[in-house]
Amino acid sequence: MAYKQPISVLVVIHTPDLQVLLIERADFPEAWQSVTGSREGEETLLETARREVTEETGIVLDSNAFRDWQHSSDYEIYEVWRHRYAPGVMINTEHVFSLEVATAQPVTLAPGEHTRFRWVSWQAAAEMVFSPSNAEAIRMLAERICH
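Rules used in this analysis
- Residues numbered from 1 in each chain as written.
- Predicted model: local features only at pLDDT ≥ 70, side-chain atom pairs only at ≥ 80, totals over all residues.
- Heavy atoms only, no water.
- Salt bridge = Lys/Arg side-chain N within 4 Å of Asp/Glu carboxyl O.
- Helix = DSSP H or I, 4+ residues; strand = E, 2+ residues; numbered from the N terminus.
- Buried < 20%, exposed > 50% of the residue type's maximum accessible area, 1.4 Å probe, protein only.
- 1 Å grid on protein atoms, 1.4 Å probe; cavity = no way out; pocket = protein on both sides within 12 Å on 5 of 7 lines; lining within 4 Å.
- Points joined across faces, edges and corners; volume = space filled by probe spheres on them.
- Nonpolar A, V, L, I, M, F, W, Y, C, P; charged D, E, K, R; others polar.
- Core = buried A, V, L, I, M, F, W, Y, C linked by side-chain atoms within 4.5 Å.
- Contact = heavy atoms within 4.5 Å.
- Pairing = 2+ DSSP bridges.

**A look at the pattern of salt bridges**
Step number 1: Per the stated rule, a full pass over the model turns up 10 salt bridges.
Step number 2: For Arg84, the salt bridge identified is with Asp27, shortest N-O distance 3.4 Å. With Arg84 in the loop between strand 5 (66-76) and strand 6 (91-100) and Asp27 in the loop between strand 2 (19-25) and strand 3 (32-33), this pair connects stretches of sequence that are 57 residues apart.
Step number 3: Classification of Arg84 by relative accessible area gives partly exposed; the value is 23%.
Step number 4: Connected via shared salt-bridge partners are Glu40, Glu43, Arg51, Glu52 and Glu55.

Structure (structure tokens):
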């Protein structure tokens with residue numbers, strides 16, 4: 001198995017009225033999050049974002065629909081998942097994107113990866129996600145869209 005790259009994307013999927021899509025991790029019950037995933041090969045971050053959204057939700061949209069926030073944060077990789085990375089890799093750089101969809105809609109979850117989905121207000125989403133960087137991105141979404 002090839003190691004994961006410590007470069008990932010976080011894609012906040014939302015409606016015009018700021019309902020945010022959250023998905024629950026299969027390997028971490030009650031751990032809600034936005035779409036996330038590591039870069040594969042030499043793909044661009046936009047390609048990673050588009051691939052992860054398609055894989056994790058079944059939503060297929062043109063690359064032009066994605067907003068690259070030109071914002072990233074570094075965080076320590078949770079110990080339970082460090083075995084997926086090369087020995088000694090402890091920090092991941094996460095790049096934030098958003099994707100607006102017309103309405104809250106059913107999604108097709110990746111089997112084995114996620115178990116449930118919910119559309120909730122941005123305020124509830126920011127409180128529900130387990131990742132501090134995900135919560136920060138959701139709060140930033142409200143600032144970006146409302147101003």
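**A closer look at the layout of surface pockets**
Where empty space is left can be seen by rolling a probe of water-molecule size over the atoms.
Step number 1: Space inside the largest pocket adds up to approximately 700 Å³.
Step number 2: Taken together, 35 residues make up the lining of the largest pocket; nearest its centre are Lys4, Arg25, Thr36, Arg84 and Tyr85.
Step number 3: For the lining of the largest pocket, the secondary-structure elements that each account for two or more residues are strand 4 (35-38), helix 1 (45-57), strand 5, strand 6 and helix 3 (132-146).
Step number 4: Broken down by element, the residue count for the lining of the largest pocket peaks at four residues, all from helix 1.
Step number 5: Residues of the lining of the largest pocket, tallied by class, amount to nine nonpolar, 13 polar and 13 charged.

**Description of the environment of Ala142**
Step number 1: Its place among the elements puts Ala142 in helix 3.
Step number 2: C-alpha of Ala142 to C-alpha of Asp17: the two residues are 125 residues apart in sequence and 9.8 Å apart in space.

**Comments concerning the nonpolar core**
Step number 1: Counting 18 residues, the largest nonpolar core has Val20, Leu22 and Ile138 as the members making the most contacts within it.
Step number 2: Ranked by residue count, the leading element in this core is helix 3, at six residues.
Step number 3: Once residues within four sequence positions are removed from consideration, Val20 is found in contact with Val12, Ile13, His14, Arg118, Trp119, Val120, Trp122, Ala125, Ile138 and Leu141.
Step number 4: Counting residues in hydrophobic clusters, the runner-up holds 16 residues, among them Val35, Ile59, Leu99 and Val107.

**Some details on the pairing of strand 6**
Step number 1: The element strand 6 is largely enclosed, with a buried count of seven among its 10 residues.
Step number 2: Bridge count for strand 1 (residues 7-14) against strand 6 is eight bridges, and the pairing is parallel. Directly across from Val12, in strand 6, lies its bridge partner Ser98.
Step number 3: In this sheet, strand 6 lies alongside strand 5 in antiparallel orientation, the contact comprising eight bridges. Bridging from a neighbouring strand, Asp68 pairs with Phe97 of strand 6.

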